[in-house]
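# Coordinate analysis (summary)
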Amino acid sequence: TRDVRRCRRLHARSNGRRPTRGAQQQTRLKNTSSAHPRGRRIGRGGDEDGARAPDAESSSPLGPLHLVSCYPKSVVPAELAAGLATMDAPTASTPVALAPPPSSHRSLPRPQVPLHVGFVGTGLIGKATLKQVGAHAPSLLATGGLDLRIAACADSKHMILASSADGMNPDAVDAAVGDRAVAEWDAGALAADAPVAADLDALVAKLADFASAGGPNGAAVIVDNTSSEAVADRYGEWLAAGVHVVTPNKKANSGDLARFRRFQAAADEGESVWLYEGTIGAGLPVVSTLRTLRASGDRVRSVQGIFSGTMSFLFNTWNPGAGQPFSDVVLAAKSAGYTEPDPRDDLNGLDVARKVVIAARESGVDLALDDVDVQSLVPAELEDCDVAEYERRLPEFDGVIAEQAAAAAAEGKVLRFVGKVDAEKGTGSVELAKFDASHPFAGLQGADNILEISTARYSDEMSSTPLIIRGPGAGAQVTAGGVFGDLCKLGAVLGARVPV
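Basis of the calculations
Residues numbered from 1 in each chain as written. Predicted model: local features only at pLDDT ≥ 70, side-chain atom pairs only at ≥ 80, totals over all residues. Heavy atoms only, no water. Phe/Tyr/Trp six-rings, centres within 6.5 Å; stacked < 30°, edge-to-face > 60°. Buried < 20%, exposed > 50% of the residue type's maximum accessible area, 1.4 Å probe, protein only. Pairing = 2+ DSSP bridges. Helix = DSSP H or I, 4+ residues; strand = E, 2+ residues; numbered from the N terminus. Contact = heavy atoms within 4.5 Å. Axes fitted to C-alpha atoms, helices over the stretch in contact; angles between N-to-C directions. Parallel < 35°, antiparallel > 145°, perpendicular 65-115°, else oblique. Left-handed = near helix turned anticlockwise from the far one by under 90°. Nonpolar A, V, L, I, M, F, W, Y, C, P; charged D, E, K, R; others polar. Salt bridge = Lys/Arg side-chain N within 4 Å of Asp/Glu carboxyl O. Core = buried A, V, L, I, M, F, W, Y, C linked by side-chain atoms within 4.5 Å. Polar contact = N/O pair within 3.5 Å; in protein donor to acceptor, adjacent residues only side chain to side chain. Expected span 1.5 Å × (residues − 1). Arc of directions from axis to C-beta.

### Digging into the packing of aromatic side chains
Under the counting rule described, the total for this entry stands at 11 aromatic pairs. Relative to W318, the ring of F315 has its centre 6.1 Å away and its plane inclined at 75 degrees; by these criteria the two rings are edge-to-face. We note that F315, like W318, is buried. Each residue in the set Y235, W238, F260, F263, W274 and Y276 is aromatic and connected to the rest through ring pairs, giving one cluster.

Here it is in structure tokens:
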């Protein structure tokens, strides 16, 4: 019986021996004819729990079996008692010590995943990402086996490379980098070579060398924290070569659709990963949420939201009911650093249109940037003039948008600048729309972003409200956090035990 065989196994282990293959084979043959009807074996060795045990009647080199019953004497099952009665009495008792099961997953061995990271772009977001990685890389290695090694950093003019495959000293990053350009970083403190002229080909080659030196688990990743079209255009060759890419740069995943598909195919070819959570809503989990919904069988119907932190700030701050001119809000926002140096780059809707394209593609819609219907808030008369003239003449057009705000207020509504994806129709748009004062879009503060996702599950038919994602849509620290989160996801894909 199973209990007799279990006791024999314990005896065998206590003597440091395992049953012979011959004894195992005899047990398997006997089990198929007696232990299990119709000759069916359960488990690999014929035992119900998948273990193998020698036959009691076979000649075995193990000698007498010393059994320790796991039952009180008064409740030994009759089947087990009958089996015990046929066996020789033990000459001495041999206690059996069993190792306790692992108390948690932490007791299991952790794979070590060396990930050699090359940072391209060291502006506000780039430096914030680098410093976050430097501060938290040691704990990721200790707790999950993700070994983030800072291998290289580059700005538009210079780059700095780690002196060895061990990477730069993470503890020195904050002080050695500061707010300075790469050419002025403290290479000695970082355990890096002296800065040299920037060369992306040489930087990627160094990453590949470091990854090869790290053995079969070594991997290389480029973190592109620029907004450069030229850098984004290199993703395809990097991905095809097996170099992973993590980025908040929107140019590639919102640009030419054919190129976007080529880059996806390149990632498949190179067995690499391209992650870009930071391209919508800074560090908000928008891309990952859309992917999870679709992967789990849900169908996205629509996505709409306030995708721009700048436009959110403008309309959350503007008080048309008190007669405040819209131009005053725009110029004050520029002075406070909330807009681009040329505010038209925010007001023309192109940045929001790019995010609409990204949201559409992640919702399963093959949308191109030219397909998005964009309502620009830049007067046609001011599109081609210089910035100074634009700012000087902007008050001339306050009356137009003030009339729209008054019309919305008469209906108990407010104006918001939103991007929309209709996944069922395959369309995208950017527009100045009206929302009830009770709508989530009307209650935003500061520069927050908000997205409303309607799906087959998150729908009226399922007695559900739409899914809402809300939070800061701009800022170096939160954007860097989204980029760093993608590095952690990449580590998990590669085998590190990072809880993402």
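Alright, that's what it looks like, and here's the rest.
### Quick notes on the sheet that holds strand 1 (residues 113–120)
The strand order across the open sheet built from seven strands is 4-3-2-1-5-6-7, with neighbouring strands paired in mixed fashion. Sheet topology places strand 4 (196–197) and strand 7 (274–275) at the edges, where each strand pairs with a single neighbour. Of the strands in this sheet, strand 1 and strand 2 (146–154) are in contact with helix 4 (residues 124–144), which crosses strand 2 at around 155 degrees.

### Observations regarding the packing of helix 13 (residues 309–317) against helix 14 (residues 326–335)
At a closest axis distance of 10 Å, the pairing of helix 13 and helix 14 adopts a crossing angle of 135 degrees. One finds that helix 13 runs oblique with respect to helix 14. Considering the relative orientation of helix 13 and helix 14, their crossing is right-handed. Residue-level inspection shows F313, L314, F315 and T317 of helix 13 in contact with helix 14, the latter providing F326, V329, V330 and A333. Of the residues assigned to the contact of helix 13 with helix 14, the class counts are seven nonpolar, one polar and no charged.

### A closer look at the environment of A402
In this structure, A402 sits in helix 18 (residues 398–410). We classify A402 as partly exposed; its relative accessible area is 35%. With 79 residues separating them along the chain, A402 and G323 place their C-alpha atoms 8.4 Å apart.

### Concerning the pattern of salt bridges
Inspection of every chain in the model, using the stated rule, returns 22 salt bridges. For K250, the salt bridge is made with D351, and the minimal N-O distance between the two is 3.4 Å. Taken as a pair, K250 in the loop between strand 6 (244–246) and helix 10 (251–254) and D351 in helix 16 (residues 350–362) lie far apart in primary sequence, 101 residues in all. You can call D351 partly exposed: its relative accessible area is 22%. Here R301 makes a salt bridge to E424, at a shortest N to O gap of 3.8 Å. With R301 in strand 8 (residues 300–306) and E424 in the loop between strand 10 (413–422) and strand 11 (427–436), the pair connects residues that are 123 residues apart, well separated along the chain. With relative accessibility at 19%, the residue R301 sits in the buried group. E424 gets classed as exposed once you look at its relative accessible area, which sits at 55%.

### What to know about the nonpolar core
Within the largest apolar cluster, 113 residues are counted, with the highest numbers of intra-cluster contacts made by Y235 and F315. The contacts of Y235, once residues within four sequence positions are left out, are D224, V245, T247, N249, A252, F263 and W274.

### Observations regarding unusual backbone geometry
In this model, A191 sits at a positive phi of 60 degrees, which is unusual for a non-glycine residue. Considering the arrangement of structural elements, one finds A191 in the loop between helix 6 (187–190) and strand 4. Classification of A191 by relative accessible area gives partly exposed; the value is 36%. The backbone of E271 shows a phi angle near 50 degrees, a positive value even though the residue is not glycine. With respect to the element layout, E271 can be found in the loop between helix 11 (257–270) and strand 7.

### Here we look at the environment of V243
Looking at the secondary structure, you find V243 in the loop between helix 9 (235–240) and strand 6. Residue class for V243 comes out buried when judged on its relative accessible area of 5%.

### Details of the side chain of S459
Structurally, the position occupied by S459 is in the loop between strand 12 (448–455) and strand 13 (467–472). A relative accessible area of 6% places S459 in the buried class. A polar contact is formed between the side chain of S459 and the backbone oxygen of A456, at a distance of 2.9 Å. Ignoring anything within four residues of it in the chain, the contact list for S459 reads R301 and S464.

### Thoughts on helix 18
Taking 1.5 Å per residue as the helical rise, helix 18 with its 13 residues ought to reach 18 Å, and the 19 Å between its terminal C-alpha atoms agrees with that figure. Along helix 18, the residues that are buried comprise D398, I401, A405 and A408. Looking straight down helix 18, one finds that the buried residues subtend no more than 100 degrees of arc, so they occupy a single side. Residues of helix 18 that are exposed and point over 90 degrees away from its buried face: V400, E403 and A410. Contact partners of the buried residues in helix 18: helix 13, helix 14, strand 10 and strand 11. Looking one or two places after helix 18, you find G412, whose phi comes out positive at around 75 degrees.

### Topic: the environment of S227
Structurally, the position occupied by S227 is in the loop between strand 5 (219–224) and helix 8 (229–232). A relative accessible area of 54% places S227 in the exposed class. Linking S227 and K250, residues 23 residues apart in sequence, is a C-alpha distance of 7.2 Å. Beyond its immediate stretch of four places on either side in the chain, S227 contacts N249 and K251.

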